[in-house]
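Structural overview
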Amino acid sequence: MKTKIKNVINLMFITTPMLLISGIALADDKKPVLDTGDTAWLLTSTVIVLLMTIPGIALFYGGMVRKRNILATLMQSFTITCLVTVIWMVLGYSLAFSKGASSFVGNLDLAFLSHLTVEAINGTIPDSVFVIFQATFAIITAALITGAVAERMKFSALLLFIGLWSIIVYSPITYWVWGGGFLGSDGVLDFAGGTVVHINSGVAALVAAVMIGKRKGFGTENLAPHNVALTMIGGSLLWVGWFGFNAGSALGANGTAGMAMAVTQIAAAVAGLSWMFIEWVHNGKPTLLGVVSGAVGGLVAITPAAGFVSPAGAFFIGLVAGAVCYWGAAILKPMLGYDDSLDVFAVHGLGGITGAILTGVFAVEAIGGTAGALEGNSAQIVIQLKGIVATILWSGIASAVILFVIDKVIGLRVDADAEAEGLDINQHGERIN
Amino acid sequence: MKMILAIIKPQKLEEVRQELVKLGIEGLTSSEVSGFGRQKGHTEIYRGAEYDISFVPKLKIELAVTDEQVEPTVEAIKSAANTNKIGDGKIFVYDLTQAIRIRTGESGEEAL
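Residues numbered from 1 in each chain as written. Chains lettered and ligands numbered in written order. Predicted model: local features only at pLDDT ≥ 70, side-chain atom pairs only at ≥ 80, totals over all residues. Heavy atoms only, no water.

On to the overall build of chain B. From N to C terminus, chain B includes two helices and six strands. Each helix (α) and strand (β) of chain B, taken in turn from the N terminus, gives the series β-α-β-β-β-β-α-β. At 17 Å, chain B has a C-alpha radius of gyration far larger than the 13 Å of a compact globule built from 112 residues. Over its C-alpha atoms, taken along the principal directions, chain B stretches across nearly 60 × 30 × 20 Å. A separation of at least 24 residues holds for 71% of the contacts in chain B among residues at least 6 apart in sequence. A total accessible area of about 7200 Å² is found for chain B, and carbon and sulfur atoms account for 50% of it. In chain B, the 15 positive side-chain charges and the 18 negative ones have mean positions that sit 7 Å from each other. (Helix = DSSP H or I, 4+ residues; strand = E, 2+ residues; numbered from the N terminus. Rg over C-alpha atoms; globule rule 2.2 N^0.38 Å. Contact = heavy atoms within 4.5 Å. Areas by Shrake-Rupley, 256 points an atom, 1.4 Å probe, with all protein chains shown as cover. Lys, Arg positive; Asp, Glu negative; His and termini not counted. Charge placed at Lys NZ, Arg CZ, Asp CG, Glu CD.)

Attention now goes to the overall build of chain A. Each helix and strand in chain A was counted, giving 17 helices and two strands. For 433 residues, the compact-globule formula gives about 22 Å, and the C-alpha radius of gyration of chain A, at 21 Å, lands near that figure. Projected onto its principal axes, the C-alpha coordinates of chain A cover approximately 75 × 45 × 35 Å. A fraction of 78% describes how many contacts in chain A between residues 6 or more apart in sequence connect residues 24 or more apart. Carbon and sulfur atoms make up 71% of the accessible area of chain A, which totals about 16400 Å². Averaging the coordinates of the 20 positive side-chain charges in chain A and doing the same for the 24 negative ones gives two points 6 Å apart.

Here we take up helix α5 (residues 127-145) of chain A. Relative to the 27 Å expected for 19 residues at 1.5 Å per residue, α5 of chain A spans 28 Å between its end C-alpha atoms, a close match to the ideal helical length. Counted residue by residue, α5 of chain A has 17 buried out of 19 residues, so it is predominantly covered. (Expected span 1.5 Å × (residues − 1). Buried < 20%, exposed > 50% of the residue type's maximum accessible area, 1.4 Å probe, protein only.)

A separate point is the packing of aromatic side chains. All names here are of chain A. In the structure shown here, the tally under the stated rule is 22 aromatic pairs over all chains. The interplanar angle of 80° and the centroid separation of 5.4 Å between the aromatic rings of Trp 275 and Tyr 326 together place this pair among those described as edge-to-face. Taken as a pair, Trp 275 in helix α10 (residues 255-283) and Tyr 326 in helix α12 (residues 311-336) lie far apart in primary sequence, 51 residues in all. By relative accessible area, Trp 275 is classed as buried at 0%. Assessed through its relative accessible area of 2%, Tyr 326 is described here as buried. Among the aromatic side chains, those forming a connected cluster through ring pairs are Trp 88, Tyr 93, Phe 97, Phe 130 and Tyr 170. (Phe/Tyr/Trp six-rings, centres within 6.5 Å; stacked < 30°, edge-to-face > 60°.)

Residue and element names in this part refer to chain B. Here four strands make up an open sheet; going across it, the order is β2-β5-β1-β6 and the pairing antiparallel. Across the chains shown, the open sheet's two edge strands, defined by having one partner strand only, are β2 (29-35) and β6 (89-95). With direction set aside, neighbouring strand axes in the sheet form an average angle of 20°. In the sheet, β2 pairs with strand β5 (residues 56-65) via seven bridges, with the strands oriented antiparallel. Counted as the bridge partner of Glu 32 is Leu 59 from β5. The strands touched by helix α1 (residues 13-22) within the sheet are β1 (2-8), β2 and β5, with β5 carrying the most contacts at an inclination of about 10°. Strands in contact with helix α2 (residues 67-80) are β1, β5 and β6; relative to β1, the strand with the most contacts, it is inclined by about 5°. (Pairing = 2+ DSSP bridges. Axes fitted to C-alpha atoms, helices over the stretch in contact; angles between N-to-C directions.)

A few words on the pattern of salt bridges. With the rule as written, the count across this model stands at 14 salt bridges over all chains. Residues Lys 2 of chain B and Asp 95 of chain B are paired through a salt bridge, measuring 2.3 Å at the closest nitrogen-oxygen approach. With Lys 2 of chain B in strand β1 and Asp 95 of chain B in strand β6, the pair connects residues that are 93 residues apart, well separated along the chain. For Lys 2 of chain B, a relative accessible area of 23% gives the class partly exposed. Its relative accessible area of 57% is what places Asp 95 of chain B among the exposed residues. In this structure, Lys 78 of chain B engages Glu 75 of chain B in a salt bridge whose closest nitrogen and oxygen atoms are separated by 3.2 Å. Linking Lys 78 of chain B with Glu 75 of chain B, this pair stays in helix α2, spanning three residues, or about one helical turn. Connected through salt bridges with shared partners, the residues Arg 66, Glu 151, Arg 215 and Asp 339 of chain A form a single ionic network. (Salt bridge = Lys/Arg side-chain N within 4 Å of Asp/Glu carboxyl O.)

Attention now moves to the nonpolar core. All names here are of chain A. By size, the foremost hydrophobic cluster in this structure holds 102 residues, and its most contacted members are Trp 88, Met 153, Phe 161 and Phe 245. With 13 residues, the top contributor of residues to this core is α5. In this view, Trp 88 contacts Tyr 93, Ala 96, Phe 97, Leu 113, Val 131, Gln 134, Ala 135, Ala 138, Tyr 170 and Ser 171; residues no more than four positions away in its chain are not counted. (Core = buried A, V, L, I, M, F, W, Y, C linked by side-chain atoms within 4.5 Å.)

Let us now look at unusual backbone geometry. All names here are of chain A. Residue Pro 55 follows Ile 54 across a cis peptide bond; omega there is 5°. Mapping Pro 55 onto the fold places it in helix α3 (residues 36-62). In this structure, Phe 112 is a non-glycine residue whose phi angle is positive, near 60°. As for its placement among the helices and strands, Phe 112 is situated in the loop between α4 (70-97) and β1 (121-122). Here the phi dihedral of Glu 151 falls at roughly 75°; this positive angle occurs in a residue that is not glycine. Relative to the elements of secondary structure, Glu 151 occurs in the loop between α5 and α6 (155-177). Residue class for Glu 151 comes out buried when judged on its relative accessible area of 1%.

The partner chain A presents 18 residues to the six residues of chain B that form the contact. Summed over both partners, the interface of chain B with chain A buries about 960 Å², with 58% contributed by carbon and sulfur atoms. The three residues of chain B that bury the most area against chain A are Tyr 46, Arg 47 and Tyr 51 of chain B, which together make up 75% of that side's buried surface. Put simply, chain B and chain A have one salt bridge between them. Between Arg 47 of chain B and Asp 343 of chain A there is a salt bridge whose closest N-O contact spans 3.2 Å. Applying the counting rule to chain B against chain A returns three residue pairs in polar contact (both at pLDDT 80 or more). Those elements that provide at least two residues to the side of chain B that touches chain A are β3 (42-46) and β4 (49-53) of chain B. Class assignment of the residues belonging to the side of chain B that touches chain A gives a composition of four nonpolar, one polar and one charged. (Buried area = accessible area lost by both parts, 1.4 Å probe. Polar contact = N/O pair within 3.5 Å; in protein donor to acceptor, adjacent residues only side chain to side chain. Nonpolar A, V, L, I, M, F, W, Y, C, P; charged D, E, K, R; others polar.)

Residues and elements named next belong to chain B. Two elements in contact, α1 and α2, have axes whose closest approach is 9 Å; the angle formed by their N-to-C orientations is 150°. The angle between α1 and α2 falls in the class roughly antiparallel. Handedness of the α1/α2 crossing: right-handed. Taking contact as the criterion, the partners of Glu 15, Val 16, Glu 19 and Leu 20 in α1 are, on α2, Thr 73, Ala 76, Ile 77 and Ala 80. (Parallel < 35°, antiparallel > 145°, perpendicular 65-115°, else oblique. Left-handed = near helix turned anticlockwise from the far one by under 90°.)

Set out below in structure tokens:
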């Protein structure tokens, strides 16, 4: 997307003097034109990216918790979809995408989306479609975090955290990369949100898991997933929706979207096999949870790279991502002892970091306009690292502060009895029978 | 009259039922249970997290028989449920003092 904006800007700079010289009226040529093909694809992409959260993430996570917590887990994703949409409409979009003078955060010019009209165009698509397409990204990023605090966080504290996080963390980081902020202008490549969505949510998840503490019985009791079948359905919806996420981020129905789709499919497939075979050798059995987790890790890692790398690049990104995400969940987590319950950091944090770095390695100039280290531009890796570090710092520190304040005011977790009883009954007064 | 209670492997229920029907047994009750014996449990691994599952899923079947039917019934269950591997289960036999068919009020062996 960044490249697209850059191209438009370049085009303006190059063509404007030419037009002035030739004396052709500027107004006609500069007037943005709506493309129906692009619009149709972005309408479709928006719908399937929403499907990634409800019911994608909801089921992916819901299957991994114990039976007494499934409704609470489903409810978190669904309510976050409602809550973040409202925040996005009120001020989130404006903070992320208004063209302010600051390189850190947007202003409130677009608050309440008062600028939207039927005719308003963003690139070649209606501005209204762009706003809601981006809303689905804001939603899934927030929903991803819930996996880290599953089975023990108070619903009230979760809503408060997600609401504040979306405003204080998500919108500014989106602005840095895509809204005209300092990371985008520094040349950080993040096609569809490896940094904005995945490193961001993964780091916030790790901080939240550490601050809220381990689940009761972690390491001693059986906390096994109650229904991996649901997780497989959710994971599959994520995979399907990811085409909207990555190919949709081309913001048009074009060759870039097609290439993004191709590399997305390849990376997901390779990473699924990569995790599965490593697990097979390491633990003796290939698991459904493993192959699905690996595929999601591959999808995460290809997200920043999708518009920039070739199928061969995607193959290697998938291969590495499957291994790194498995290592994060099965080896790093027990080694450090934190209870990131559904491995949000391992899959999204580490998968996102892997993807962001490897985008700098495998970027192909002929595909996305920027060369990576393999084409001699090793400086791109440094630029990518800058994006990673900035995101880790802001997401990590701001998330910690928000959680600290909420813990002091209302407390982050339910009491031990409620946790044993399960969040479904205790927090929501419902259960599956 | 005797009550026969057997713990068997779930996949053996149908074979056991077929053998018992051949003997003229007219009813039995089965329930899904879990427990442990010499077989011990197994290990499940989810994303590297190992859980020891000590309670293994089994089926409990219960049937009331006449004294003459006890021996052939036990033999039938013993042969049909046997896989010759650890965890095949156990059979218990105990005295039954009364049996009543609710619909007709018949009691004793007539109610079996």
